[in-house]
2 protein chains.
Amino acid sequence: MSDNTGNTDNTSNDLDALNERHRVRMERKKAIIDAKIAAADKQIGIVIVNTGNGKGKSSSGFGMAVRAMGHGMKVGVVQFIKGAMQTGEEMFLRRFPEEVSFHSMGEGYTWETQNRERDIEKAEQAWEQAKRFLADPAVGLVVLDELNIALKYRYLDVNTVIADLLERPAMQHVVITGRGAPQELIDVADTVTEMNVVKHAFKVGIGAQAGTEW
Amino acid sequence: MSDNTGNTDNTSNDLDALNERHRVRMERKKAIIDAKIAAADKQIGIVIVNTGNGKGKSSSGFGMAVRAMGHGMKVGVVQFIKGAMQTGEEMFLRRFPEEVSFHSMGEGYTWETQNRERDIEKAEQAWEQAKRFLADPAVGLVVLDELNIALKYRYLDVNTVIADLLERPAMQHVVITGRGAPQELIDVADTVTEMNVVKHAFKVGIGAQAGTEW
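Residues numbered from 1 in each chain as written. Chains lettered and ligands numbered in written order. Predicted model: local features only at pLDDT ≥ 70, side-chain atom pairs only at ≥ 80, totals over all residues. Heavy atoms only, no water.

Asks: Please clarify how the relation of the copies chain A and chain B should be interpreted in this entry.
Replies: Comparison of the two chain copies shows a relationship of rotation about an axis with a shift along it. Mapping chain A onto chain B leaves a residual RMSD of 0.0 Å; the transformation is a rotation of 180° accompanied by 0.0 Å of translation along its axis. The transformation just described matches what one would write down for a two-fold rotation axis. (Least-squares fit on C-alpha atoms with pLDDT ≥ 70 in both.)

Here's what the structure looks like:
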């Protein structure tokens, strides 16, 4: 665009310079990233832990289930703490019984039952199901949703859980979610993310809604 | 169990006391949580932003897509930055064209193309698709994957993006992912989570793997 003041060339030169700086910066970035990717050449089953007080721990686990299913992998899901309502992820994933095996403890949150001994019994049953997945090389990804809560309340022994995790097939991935992941679990995990709240709709009076929270 | 030392009753009493303390604590917790849930009674479409350097931003967005589909909602997905490989989430979600409409910019990462003007053109095309979803009340959830990257590189104007977001149907939810969410977007979002790296398998030489990273 010309503005009849002779700025046309300057503007055009500025833009060319900007585009060229961008190209050089991206070329440098590509070299660095390519080198890192070349160095990271191990392919092995990993343990992923999603913890913290923010949103996205469970939904990320179910997003990984979708990823794995997209690559033709079989997925096993155990939900250790289940709310009263059937979740969207459960309703959706149960449509594919050949691809994903979905199990849940079948009880409300711990503050709903208020019965410690029954919670322990249910957690132990859920862990038995988890162990069946962790012993099956045909299962490519195991999602242990809200396992951290069961560990935090000591319904399950963290050392037993870790021993079973480490015994699993070499190429099997595991995603473990929930607040308050114990340090022992973080120590043995390969990838650990802490989801932190920057802001949350709940705090300004917006309720848990279908499709976003459950 | 009796050990013939008279400890039977003590052990049994200790356990009873532990269970009772648990019950009382959970009863109190339930009262607090029930009150919070009762106060959070608004049902309205929200904007969710997943940012930070940790894992789980995109996978959480796709987990929410699964949740929404479980509740019978239609989902629109636009991927603003696409790697060279077809992702698991894309391969899986494309199986359900009636339920989810999947679009991607069709280019590599910005450091792969090294061409700023072409990146801008592609980002603008992707935003045109996003706007079609944001104008359609039949779409219950819009996933704008890696939009933050396009904003960070200023391929799209943040004020234009925000204006279009705020114009959307009242009950429509939006999930926006990617590192470096601009402050202007955080200000208008309802729920913002920062995914922080505690540890990452990539740093110890484990490459990006099908089913967990893509």
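Asks: Is there a simple way to think about a positive patch on the surface in this case?
Replies: Side chains of Lys36 of chain A together with Lys152, Arg179 and Lys203 of chain B sit close together on the surface and give a patch of like positive charge. Structurally, lysine 152 of chain B is set in helix H6 (residues 147-152). Judged by relative accessible area, lysine 152 of chain B falls into the partly exposed class, the value being 48%. (Patch = residues over 30% accessible without salt bridge, like charges linked within 9 Å, V, L, I, M, F, W, Y side chains within 5 Å. Areas by Shrake-Rupley, 256 points an atom, 1.4 Å probe, with all protein chains shown as cover. Salt bridge = Lys/Arg side-chain N within 4 Å of Asp/Glu carboxyl O. Lys, Arg positive; Asp, Glu negative; His and termini not counted. Charge placed at Lys NZ, Arg CZ, Asp CG, Glu CD. Helix = DSSP H or I, 4+ residues; strand = E, 2+ residues; numbered from the N terminus. Buried < 20%, exposed > 50% of the residue type's maximum accessible area, 1.4 Å probe, protein only.)

Asks: Before we go on, may I ask you to explain the interface of chain A and chain B in this structure?
Replies: Size of an interface: often given as the accessible area lost when the parts come together. Of the residues lining the interface, 86 residues belong to chain A; the matching set on chain B comes to 87 residues. Around 7400 Å² of area is buried between chain A and chain B when both sides are counted, 58% of it from carbon and sulfur atoms. Across the contact surface, chain A and chain B share four salt bridges. For the salt bridge of glutamate 99 of chain A with arginine 95 of chain B, the shortest nitrogen-to-oxygen distance reads 2.9 Å. In this structure, the connection of chain A to chain B is made through 42 residue pairs in polar contact (both at pLDDT 80 or more). Those elements giving two or more residues to the side of chain A that touches chain B turn out to be helix H1 (7-39), helix H2 (57-70), helix H3 (88-93), helix H4 (110-113), helix H5 (116-134), helix H8 (183-188) and strand E6 (191-199) of chain A. By residue number, the principal contributor to the side of chain A that touches chain B is H1 of chain A, which donates 14 residues. (Contact = heavy atoms within 4.5 Å. Buried area = accessible area lost by both parts, 1.4 Å probe. Polar contact = N/O pair within 3.5 Å; in protein donor to acceptor, adjacent residues only side chain to side chain.)

Asks: Just to check I follow, could you spell out the packing of aromatic side chains for this structure?
Replies: In this description, a pair of aromatic rings is defined by centroid distance and the angle of the planes. For the structure shown, the criterion picks out 12 aromatic pairs over all chains. Ring geometry for phenylalanine 92 of chain A against phenylalanine 92 of chain B: centres 6.2 Å apart, planes inclined by 80°, an arrangement best described as edge-to-face. You can see phenylalanine 92 of chain A sitting in helix H3 and its partner phenylalanine 92 of chain B sitting in helix H3 (residues 88-93), one on each of two chains. The class for phenylalanine 92 of chain A is buried, based on a relative accessible area of 0%. A connected cluster of aromatic rings, assembled from ring pairs, spans Phe92 and Phe96 of chain A together with Phe92 and Phe96 of chain B. Across from the ring centre of tyrosine 153 of chain A, 6.0 Å away, lies the NZ or CZ of lysine 152 of chain A, which sits over that ring. (Phe/Tyr/Trp six-rings, centres within 6.5 Å; stacked < 30°, edge-to-face > 60°. Lys NZ or Arg CZ within 6 Å of the ring centre and 35° of its normal.)

Asks: How do you make sense of the packing of helix H5 (residues 116-134) of chain B against helix H7 (residues 158-166) of chain B when you look at a structure like this?
Replies: Angle between the axes and distance between the axes: these two values describe a pair of packed helices. All names here are of chain B. Running from N to C, H5 and H7 point in directions that differ by 20°, and their axes come no closer than 9 Å. If you check the angle between H5 and H7, you find them roughly parallel. Helix-helix and strand crossings are classified by hand; for H5 and H7 the assignment is left-handed. Between H5 and H7, the residues in contact are Trp127, Lys131 and Leu134 and Val161, Asp164 and Leu165, respectively. (Axes fitted to C-alpha atoms, helices over the stretch in contact; angles between N-to-C directions. Parallel < 35°, antiparallel > 145°, perpendicular 65-115°, else oblique. Left-handed = near helix turned anticlockwise from the far one by under 90°.)

Asks: Could you clarify how one ought to interpret the UniProt feature "domain: Cob(I)alamin adenosyltransferase N-terminal" (unreviewed entry) in chain A in this entry?
Replies: Those places that UniProt annotates as "domain: Cob(I)alamin adenosyltransferase N-terminal" (unreviewed entry) correspond, in this numbering, to residues 14-37 of chain A. Note that residues 14-37 of chain A is 100% helix and 0% strand, and that its end C-alpha atoms are spaced 34 Å apart. (UniProt positions renumbered as here; feature names shortened; annotations may be inferred.)

Asks: Which parts of the structure should I look at to understand the confidence of the model for chain A?
Replies: Caution applies to low-pLDDT regions: their predicted coordinates should not be interpreted in detail. Residue and element names in this part refer to chain A. Scored by pLDDT, chain A has a mean of 88; 89% of the residues are at 70 or more. Per-residue pLDDT, averaged within each element of chain A, yields its smallest value for H4 (67) and its largest for strand E5 (residues 173-177) (98). Here residues 1-6 scores under 50 on pLDDT; set against residues more than four positions off or in separate chains, the count is three contacts. (pLDDT = per-residue confidence, 0-100.)

Asks: Sorry if this is basic, but what is going on with unusual backbone geometry here?
Replies: Leaving glycine aside, a negative phi is the common case for residues, and trans is the common case for peptide bonds. Residues and elements named next belong to chain A. Despite not being glycine, glutamate 146 has its phi angle at roughly 65°, a positive value. Exposure remark for glutamate 146: the relative accessible area of 15% places this residue in the buried category. Located in the positive-phi region is arginine 154, a residue other than glycine, with phi close to 60°. Within the secondary structure, arginine 154 is located in the loop between helix H6 (147-152) and helix H7 (158-166).

Asks: Sorry, what's going on with the pattern of salt bridges here?
Replies: Any two side chains of opposite charge can pair, so long as their charged atoms come close to each other. One pass over the full model with this rule turns up 15 salt bridges over all chains. The partner of aspartate 34 of chain A in a salt bridge is lysine 30 of chain A, and the shortest N-O contact between them spans 3.0 Å. Taken as a pair, aspartate 34 of chain A and lysine 30 of chain A lie in helix H1 at a separation of four residues, close to a single helical turn. For aspartate 34 of chain A, a relative accessible area of 32% gives the class partly exposed. Using a relative accessible area of 21% as the deciding quantity, one classes lysine 30 of chain A as partly exposed. For glutamate 89 of chain A, the salt bridge is made with arginine 67 of chain B, and the minimal N-O distance between the two is 2.8 Å. In this pair, glutamate 89 of chain A is assigned in helix H3 and arginine 67 of chain B in helix H2 (residues 57-70), connecting two distinct chains. In this structure arginine 67 of chain B comes out as buried when scored by relative accessible area, which is 5%.

Asks: Can you help me understand H7 of chain B in this one?
Replies: The periodicity of an α-helix, 3.6 residues per turn, causes residues three or four places apart in sequence to face the same way. Residues and elements named next belong to chain B. Taken together, the buried positions of H7 are Val158, Val161, Ile162, Asp164 and Leu165. All buried residues of H7 project into a common sector of 165° when viewed along the axis, lining one side. The secondary structure elements touched by the buried residues of H7 are H5, strand E4 (139-145), H6, strand E5 (173-177) and helix H8 (183-188). (Arc of directions from axis to C-beta.)

Asks: Looking at this structure, how should I read the pairing of strand E1 (residues 47-51) of chain A?
Replies: Strand residues, when the strand is regular, have side chains that alternate between the two faces of the sheet. Residues and elements named next belong to chain A. Where burial is concerned, most of E1 is hidden: five out of the five residues are buried. Judged by which residues are buried, E1 turns out to be covered on both faces: Val47, Val49 and Thr51 on one side and Ile48 and Asn50 on the other are all buried. One ladder, built from four bridges, connects E1 with E5; its direction is parallel. In the strand pairing of E5, isoleucine 48 is matched with valine 175. (Pairing = 2+ DSSP bridges.)

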